[in-house]
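Below, each chain spelled out in residue letters.
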Amino acid sequence: GAVVSQHPSWVICKSGTSVKIECRSLDFQATTMFWYRQFPKQSLMLMATSNEGSKATYEQGVEKDKFLINHASLTLSTLTVTSAHPEDSSFYICSASKRVRQPQHFGDGTRLSIL
Amino acid sequence: GESVGLHLPTLSVQEGDNSIINCAYSNSASDYFIWYKQESGKGPQFIIDIRSNMDKRQGQRVTVLLNKTVKHLSLQIAATQPGDSAVYFCAGHGGSQGNLIFGKGTKLSVKP
């Protein structure tokens, strides 16, 4: 149990394009979902925490208008990278948990490459 | 401040040997810790967790030890196998919303 699906797994697009990444909890309802960014050979850096039905909480230094998060249901959260540029290229990973302070279960990530 | 860090960036062990991966944390208020395994190109996979009211927890071939006195966490893998090769992260709960703070990661390589 506790499967999280992330889509797409890989995307390449031109600079200036907006890219939407979906995160779904397949077999449980996720009160909270998290979005991370990971650069090669580095650890995961939390970008934002998303609670169903409310606005996401962004970490310091993460631009809200650049990384739009929507958590419209207990099984789906989306991250939209708006007007993406090459410096936005990274591995984006989502996670979901049933309740606060419960184990987070991760998707398999989305590799975003902006040309 | 809150931080979770790892002592060693890489660890190489012989197949069949036991592996020990260490982690230190700085926030004494952290009450929940998790070890994750991340294979190349994939998301982190939950291995085992421990709450601060415990000092040891065992799973299948894995044991987590928590020493709150020195703020140290370790993951022991028994009879390490090639399939255990991955990057291992410790993470601690440091925020009010249940967000995790991840350590830098240790890359475990298992030699056949």
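Residues numbered from 1 in each chain as written. Chains lettered and ligands numbered in written order. Predicted model: local features only at pLDDT ≥ 70, side-chain atom pairs only at ≥ 80, totals over all residues. Heavy atoms only, no water.

On the surface, A:Trp10, A:Ile12 and A:Leu115 cluster together to form a nonpolar patch covering roughly 380 Å² of accessible area. Note on placement: A:Trp10 falls in strand β2 (residues 10-13). (Patch = residues over 30% accessible without salt bridge, like charges linked within 9 Å, V, L, I, M, F, W, Y side chains within 5 Å. Areas by Shrake-Rupley, 256 points an atom, 1.4 Å probe, with all protein chains shown as cover. Salt bridge = Lys/Arg side-chain N within 4 Å of Asp/Glu carboxyl O. Helix = DSSP H or I, 4+ residues; strand = E, 2+ residues; numbered from the N terminus.)

Under the defined criterion, the tally for this structure stands at nine aromatic pairs over all chains. Aromatic pair A:Tyr36 and A:Phe106: ring centres 5.5 Å apart, planes at 45°, arrangement tilted. One end of the pair, A:Tyr36, is in strand β4 (residues 32-38); the other, A:Phe106, is in strand β10 (residues 105-106), and 70 residues separate them in sequence. Assigned by exposure class, A:Tyr36 and A:Phe106 land together as buried. Here B:Tyr25 and B:Phe33 contribute two aromatic rings whose centre-to-centre distance is 4.6 Å and whose plane-to-plane angle is 45°, an arrangement assigned as tilted. Members of the aromatic cluster, joined through ring pairs, are A:Tyr36, A:Phe106, B:Tyr36, B:Phe46, B:Phe89 and B:Phe102. (Phe/Tyr/Trp six-rings, centres within 6.5 Å; stacked < 30°, edge-to-face > 60°. Buried < 20%, exposed > 50% of the residue type's maximum accessible area, 1.4 Å probe, protein only.)

What follows concerns the pattern of salt bridges. Residues and elements named next belong to chain A. Summed over the entire model, instances satisfying the criterion amount to five salt bridges over all chains. Close ionic contact of Asp-88 with Lys-66 constitutes a salt bridge, the shortest N to O distance being 2.8 Å. Here Lys-66 lies in the loop between β6 (57-58) and β7 (67-73) and Asp-88 lies in the loop between β8 (76-81) and β9 (90-97), a separation of 22 residues in the sequence. A relative accessible area of 5% places Asp-88 in the buried class.

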